[in-house]
Amino acid sequence: MMGRLFRRSILSSLALLLAAAAPVPADQTPADAPPLIAPGGQTLGSPHRGGTLRLTADAGAGTADPQVNYNSEMITLGVVVYDGLTAFAKRPGEASNIPVADLAEALPEPQDGGLTYVFHLRPGIRFSSGREVGVRDVVASFQRIFKVNSPTAGGFYGGIVGADACLKDGPNCTLAGGVVGNEADRTITFHLTHPDAEFFDKLSFPHAYVLPADTPAHDLGNNAPPGTGPYRIVSYDPNHGMTVERNPYFKVWAPEAQPDGYADHIVYSYGLTDEAEVTATENGNFDYMYDNVPLDRYGELGDRFPDQVHINDIFGMFYLIMNVNLPPFNNIKVRQAVNYAVNRRAMQTFYGGPAAGSVLCQNIPSGLSGYEPYCPYTKGADFAHPATEWKAPDLARAKQLVAESGTKGMHVTLVVPNRAVEIAMGTTLQNMLRSLGYDADVKAIAFAIQFTYIQNTNNKVQISLSDWYADYAEPSDFLTALYGCENFHPGSDSSVNISGYCSKPVQALFDQAALVSVTDKKAGAALWAKADRMMLQDAPAAPLIKMKKIDLVSKRLGNFYNTNLYHMLFSQVWVQ
């Protein structure tokens with residue numbers, strides 16, 4: 001247990017750190033700050049062009065296949081290597097939530113009541129292999145999403161005509177009638193089975209990157225395919241590191257979608273613990289650490305390195321996932337008990353306190369449509385009388401629910417990533433489970449594999465701790481993505497509905513909210529909020545905290561550039 005004096009010291013130093021690193025509003029920049037983006041998106045001629053950007057993480061992030069990988073570590077790098085027909089604007093703040101045309105010449109107007117979209121492919125753009133991007137590459141890339149069983153194949157792209165057949169028979173996927181290419185006109189026509197208000201968002205997500213048509217239709221493992229962005233991956237060893245260099249065929253075609261990069265090379269090194277990453281970045285051995293800064297290091301950062309810390313709002317959360325198909329969490333009373341018992345304030349403290357994250361009661365975080373200040377799982381509240389904010393755990397009610405469930409005394413294993421922050425959270429959660437009467441232990445496994453491990457039902461994970469960053473800024477990415485029936489795939493490492501939750505009434509509400517949002521965003525938001533409330537009652541997970549992103553960088557790193565969805569944009573920071 002954290003001692004009072006030590007805790008006071010940490011919080012005092014953290015306050016200094018957070019005050020020094022207060023986030024800059026999206027529409028403002030300090031007077032002496034450099035331009036946030038190179039003029040015209042071009043860095044040629046800039047005195048800051050060149051050098052090597054050095055990154056560190058505790059481990060590699062799995063496959064280098066951009067249509068398979070679903071890890072933010074790899075995704076944040078992939079955005080400077082690959083492009084889709086559309087992309088989220090590479091601008092700071094909320095402007096980065098908006099899809100813009102990328103390989104497509106423009107965002108097309110929907111036709112046929114929102115069922116048809118016709119994209120015109122820009123000419124003259126080349127892959128890093130030197131070959132020009134053609135219509136057939138676009139068509140093949142969408143087929144490949146299903147052939148490689150991309151984690152979002154059903155959830156994001158299942159509304160394309162022909163997707164149903166592809167989901168059943170991925171290797172022979174054609175998307176016949178769904179994605180139609182015309183080489184002469186350089187057009188790609190999408191036909192949807194129903195209108196989709198988030199279609200441009202989904203096309204902007206990395207799994208819809210355009211790859212060469214001859215890219216093998218299987219997970220490429222450590223071999224990254226050619227892309228069209230300002231950089232290309234030249235080597236990748238998930239146990240040691242990754243080397244990235246300039247794409248010699250890159251030219252700026254849409255500065256907002258894909259600007260040129262400043263650094264000549266980007267090198268990722270793996271193998272240090274998060275504690276060692278902090279020391280190495282403080283000392284200038286690396287320019288950026290991917291992993292969360294451990295709580296015990298906030299003091300020295302606040303005292304000695306406040307100028308090297310950046311704190312930004314993001315759409316991200318920590319949540320406690322319960323497997324609704326395994327005991328004791330196949331009992332709704334147990335899942336509700338955990339929600340009543342968990343000390344969300346303690347989770348907030350382990351992540352860095354109120355300035356680094358806020359307590360989260362519901363599945364939709366603040367800032368997204370459908371968010372409501374609604375908290376049924378807190379002391380003195382219930383679903384008939386919800387509070388507007390979390391106050392304290394209600395252990396008495398939690399213990400009563402466990403007693404009613406008849407599951408007291410069962411063995412429970414909580415699986416957490418092996419990073420300092422999550423291990424601290426896990427130890428507290430273990431104590432909470434023991435206080436409810438369970439024989440609980442904690443299993444910490446490498447962060448790089450934990451997220452896929454907990455997805456696979458073959459591993460029989462009962463309860464797990466994870467974080468989740470938004471794929472795009474809509475409530476569906478926290479509801480349908482994580483709890484939609486279409487995203488539960490037993491026996492697969494790509495099953496982001498980790499709890500295995502599938503409720504017909506809630507799913508129907510998900511579908512209705514998505515449909516209504518096409519024409520009426522306000523009414524759609526109300527339906528998303530209703531769906532969130534229904535799902536909270538079933539409690540497949542316990543929302544814990546909404547995170548801010550705390551980035552530690554080297555002293556030499558300049559033009560720190562953050563976007564809501566891509567986080568620190570590697571192409572726009574400079575090291576000389």
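Before reading on, note that the structure itself is shown above.
Cut-offs and rules
Counting restarts for each chain, with residues numbered from 1 along the sequence as it is written. In keeping with the predicted nature of the model, local features appear solely for residues at pLDDT of at least 70, side-chain atom pairs appear and are counted solely at 80 or more, and the whole-chain, interface and lining totals rest on all residues. In computing side-chain properties, one takes all heavy atoms of the structure into account and sets aside hydrogens as well as water. For every element, the axis is a line fit to its C-alpha atoms; helices are fit only across the contacting stretch, and the angle between N-to-C directions ranges from 0 to 180 degrees. Segments assigned H or I by DSSP are reported as helices when at least four residues long, segments assigned E as strands when at least two residues long, and all are numbered from the N terminus. Reported orientations rely on four angle classes, namely roughly parallel under 35 degrees, roughly antiparallel over 145, roughly perpendicular from 65 to 115, and oblique for the rest. Left-handed describes a crossing whose near helix is turned anticlockwise from the far helix by less than a right angle; the clockwise case is right-handed. We call two residues in contact whenever any of their non-hydrogen atoms come within 4.5 Å of each other. When residues are sorted by character, Ala, Val, Leu, Ile, Met, Phe, Trp, Tyr, Cys and Pro go into the nonpolar class, Asp, Glu, Lys and Arg into the charged class, and all the rest, Gly among them, into the polar class. Nitrogen and oxygen atoms within 3.5 Å of one another constitute a polar contact, given that in protein one can donate a hydrogen and the other can accept it, and given that sequence-neighbouring residues count only through two side-chain atoms. Cysteine sulfur pairs qualify as disulfides if the two atoms are within 2.5 Å. Relative accessibility decides the category of a residue: with a 1.4 Å probe and only protein chains considered, values under 20% of the type maximum give buried, values over 50% give exposed, and everything between is partly exposed. Definition of nonpolar core: a set of buried residues of the types Ala, Val, Leu, Ile, Met, Phe, Trp, Tyr and Cys, connected through side-chain atoms within 4.5 Å. Between the first and last residue of a helix there are one fewer steps than residues, each counted as 1.5 Å, and that sum is the expected span. Should DSSP find at least two bridges between two strands, the strands are taken to pair. Two aromatic rings, drawn from Phe, Tyr or Trp (for Trp, its six-membered ring), form a pair once their centres lie within 6.5 Å of each other, and the interplanar angle then sorts them: stacked below 30 degrees, edge-to-face above 60, tilted otherwise. Either the NZ atom of lysine or the CZ atom of arginine qualifies as a charge over a ring when it sits within 6 Å of the ring centre and within 35 degrees of the ring normal.

Contact pair helix α15 (residues 504-517) / helix α16 (residues 521-538): the axes reach a minimum separation of 8 Å and the direction vectors enclose 165 degrees. Judged by the inter-axis angle, α15 sits roughly antiparallel to α16. You can see that α15 and α16 cross each other, and the crossing is left-handed. On the side of α15, the interface is formed by P505, V506, L509, F510, Q512, A513, A514, V516 and S517, while α16 contributes K521, A523, G524, L527, W528, K530, A531, M534, M535 and D538. Each residue belonging to the contact of α15 with α16 can be placed in one class, and the counts come to 13 nonpolar, 3 polar and 3 charged.

Its location among the elements puts D551 in strand β16 (residues 541-552). Polar contacts involving the side chain of D551 include one to the side chain of K549, which spans 2.7 Å. When sequence neighbours within four positions are dropped, the list of residues in contact with D551 reads Y288, Q308, V309, H310, F560, N562 and M568.

Packed helices, taken two at a time, are described by the angle their axes make and the gap between the axes. Orientation of helix α9 (residues 332-341) relative to helix α11 (residues 395-405), taken along the N-to-C sense of each, is 165 degrees, at an axis distance of 8 Å. Here α9 is positioned roughly antiparallel relative to α11, judged by the angle of their axes. In the packing of α9 onto α11, the handedness of the crossing is left-handed. Across the interface between the two elements, K333, V334, Q336, A337, Y340 and A341 from α9 touch L395, R397, A398, L401, V402, E404 and S405 from α11.

Before going further, it helps to examine the state of the cysteines. Per the counting criterion, the structure on display carries 3 disulfides. C166 shares a disulfide with C173; S-S distance 2.1 Å. Taking the sign of the S-S torsion, about 75 degrees here, the bridge from C166 to C173 comes out right-handed. Using a relative accessible area of 3% as the deciding quantity, one classes C166 as buried. For C173, a relative accessible area of 3% puts it in the buried group. The disulfide that involves C485 links it to C502, with 2.0 Å between the sulfurs. Looking down the S-S bond of the C485 and C502 bridge, the torsion is 105 degrees, so its handedness is right-handed. One end of the pair, C485, is in the loop between α14 (480-483) and α15; the other, C502, is in the loop between α14 and α15, and 17 residues separate them in sequence. A relative accessible area of 47% means that C502 is categorised as partly exposed. When the cysteines engaged in disulfides are numbered in sequence order, the protein chain pairs them as 1-2, 3-4, 5-6.

A few words now on the nonpolar core. L85, F142, F190 and W468 are the most contacted members of the largest nonpolar core, which totals 112 residues. Per-element accounting of this core gives the leading share, 6 residues, to helix α3 (residues 135-147). Contact partners of F190, with chain neighbours within four places excluded, come to L85, L115, T116, Y117, F119, F142, I160, G178, V179, F199 and L203. V293, V309, I314 and I463 belong to the second-largest nonpolar core, a separate cluster that totals 50 residues.

Right, let's get into α3. Spanning 13 residues, α3 covers 19 Å between terminal C-alpha atoms, matching the ideal 18 Å at 1.5 Å per step. α3 sits mainly inside the fold: 11 of its 13 residues count as buried. For α3, the complete set of buried residues consists of V135, D137, V138, V139, A140, S141, F142, Q143, R144, I145 and F146. The secondary structure elements touched by the buried residues of α3 are α4 (153-157), α5 (163-168), β5 (179-182), β6 (187-191) and α6 (199-204). Following α3 by one or two positions, N149 has its phi on the positive side, about 55 degrees.

Further remarks concern the sheet that holds strand β15 (residues 463-469). Taken together, 6 strands build an open sheet; the order of strands is β12-β16-β11-β15-β13-β14 and the sheet is mixed. The outermost strands of the open sheet, each flanked by one partner alone, are β12 (357-359) and β14 (439-445). The mean angle between the axes of side-by-side strands here comes to 25 degrees, regardless of whether they run parallel or antiparallel. In this structure, strand β11 (residues 309-322) lies alongside β16, joined through 10 bridges in antiparallel fashion. Bridging from a neighbouring strand, L320 pairs with A542 of β16.

Next up on the list: the pairing of β16. Among the 12 residues in β16, 11 count as buried, and that is most of the element. Of the pairings in the sheet, the one linking β12 to β16 comprises 3 bridges and is antiparallel in character. From the neighbouring strand, S358 faces β16, where its bridge partner is K546.

What follows deals with the packing of aromatic side chains. What the rule picks out here adds up to 27 aromatic pairs. Centre to centre, the rings of F156 and F205 are 5.5 Å apart; their planes meet at 85 degrees, and the pair counts as edge-to-face. Pair noted here: F156 is in helix α4 and F205 is in the loop between α6 and β7 (231-237), with a separation of 49 residues, a long-range link. Under the relative-accessibility criterion, F156 is labelled buried at 8%. For F205, a relative accessible area of 3% translates into the label buried. Between Y377 and F383 the ring centres are 5.2 Å apart and the planes differ by 85 degrees, which places this aromatic pair in the edge-to-face class. According to the relative accessible area criterion, Y377 is buried, its value standing at 1%. A cation sits over an aromatic face here: R419 above F447, 3.7 Å from the ring centre.

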